[in-house]
Amino acid sequence: MIKKQIKIAKSSGFCFGVKRAIELAEKVAANNKKVYTFGPLIHNPQEVKRLDKEGIKVIENHSKIRKGILVLRTHGIEQKIHEKLSKRKNIDVIDATCPFVKRAQDIVKKLSYKSEQIVIVGEKTHPEVIALVSYGKGKCVVVEEEKDVKKIRKTDVIHVVSQTTQSPKQFNNIVECISRISKVKIYNTICRATFDRQSAAERLAKSVDIMIVIGGKNSGNTRRLYQICSKIVKTYHIENVEEIKKSWFNSKTTVGITAGASTPNWIIENIKRRIEKICESGRKDKKQEKKK
Ligand code: SF4
């Protein structure tokens, strides 16, 4: 009987920016009672719950807190809110914005002084994109898909910046469409972690019968991994072990696992163990059937 093989993508799970943000928050929480994050620190509900148990509470409305320490999430907040928070007495702001996101914000800010129009390729409603737009002094146009390109005005040069977790393929396709309107200046702000996770997931998806993508349903980079893999092979996007169904693995020999940049290792391990158990029980069932 062929034994099922479970393979994990070479690059998956926590990235540098997420690790850094969690370490910062945990360090602060170890010595302070009132530690808050403005919105979830990272896009993984299970890890956010774990942090809550360590005393790191999520708040959506910063005006509701009178004092304490406020940690800013990895994918940044709007410029005006940031400025407002920095002026508030009794609140210490710890900026855990990922340096790669900061770089994209700085580029948009600089461009806002000299260009007429800044195009941001990304998800309109994603917190990172909302924050990026806030640095553009009303000059940003967000392009999520090719059909949005028609919103762009013809100017001498069109400056194009990317959401850090965009798919390079999608970014290049959109840049190609924009270049039909005017000359384009590209600022590729897709981070290395995103690029590595997407290429590793694509490679793995080509060599297995089924892919499991683990990560928050609210995580943009995890959703992108799902989109990439599902074009190649049957793929499921799950957040936790309870979502796994035995039937997915019937008649599948190789199982691939990947995880978004905000998925902690303990969730990946739990899910891997569960899949191993399912595969093991499947083998036992078949053995017993043969005996009969
Ligand atoms: S995915 Fe990239 S930009 Fe986002 S936190 Fe991780 S390293 Fe930073």
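Conventions and cut-offs
- Residues numbered from 1 in each chain as written.
- Predicted model: local features only at pLDDT ≥ 70, side-chain atom pairs only at ≥ 80, totals over all residues.
- Heavy atoms only, no water.
- Helix = DSSP H or I, 4+ residues; strand = E, 2+ residues; numbered from the N terminus.
- Buried < 20%, exposed > 50% of the residue type's maximum accessible area, 1.4 Å probe, protein only.
- Areas by Shrake-Rupley, 256 points an atom, 1.4 Å probe, with all protein chains shown as cover.
- Lys, Arg positive; Asp, Glu negative; His and termini not counted.
- Charge placed at Lys NZ, Arg CZ, Asp CG, Glu CD.
- Salt bridge = Lys/Arg side-chain N within 4 Å of Asp/Glu carboxyl O.
- Phe/Tyr/Trp six-rings, centres within 6.5 Å; stacked < 30°, edge-to-face > 60°.
- Lys NZ or Arg CZ within 6 Å of the ring centre and 35° of its normal.
- Contact = heavy atoms within 4.5 Å.
- Near = heavy atom within 4 Å.
- Domains from an automatic or database assignment.

Quick one: what's the story with the overall build of the protein, residue by residue and with numbers?
Each helix and strand counted, the protein has nine helices and twelve strands in total. Each of the 292 residues in the protein was classed as buried or not, and the buried ones make up 50%. Accessible area for the protein stands at about 15400 Å²; split by element, carbon and sulfur atoms hold 50% of it. Positive and negative charge centroids in the protein, built from 62 and 31 side chains respectively, lie 1 Å apart.

Report on the pattern of salt bridges, specifying residues and quantitative values.
All chains considered together, the criterion is met by 17 salt bridges. For R50, the salt bridge goes to E26, with nearest N and O atoms at 3.0 Å. Highlighted residues: R50 in helix α2 (residues 45-53) and E26 in helix α1 (residues 16-31), separated in sequence by 24 residues. A relative accessible area of 24% means that E26 is categorised as partly exposed. Between R50 and E54 there is a salt bridge; the shortest N-O distance is 2.7 Å.

Give a detailed account of the packing of aromatic side chains, specifying residues and quantitative values.
Per the counting criterion, the structure on display carries three aromatic pairs. Between the aromatic rings of W248 and F249, the centroid separation amounts to 6.3 Å while the plane-to-plane angle is 50°, which identifies the pairing as tilted. As far as the burial class goes, W248 and F249 line up, both buried. Aromatic ring contacts, followed pair by pair, group Y236, W248 and F249 into a single cluster. Positioned above the aromatic ring of F38 is the side chain of R73, whose terminal nitrogen or guanidinium carbon lies 5.7 Å from the ring centre.

A description of the side chain of H126 should follow, citing residues and the corresponding values.
Inspection of the secondary structure puts H126 in the loop between β6 (118-121) and α5 (127-134). Among the residues examined, H126 registers a relative accessible area of 5% and is labelled buried. If sequence neighbours within four positions are ignored, H126 has contacts with H43, H75, Q163 and G220.

Describe the site of the ligand, naming the residues involved and giving the relevant values.
Around the ligand, the neighbouring residues are C15, G17, H75, C98, F100, V101, T164, T165, C191 and A261. Formed jointly, the shell around the ligand draws a minimum of three residues from each of two domains, domain 2 (16-98) and domain 3 (100-190).

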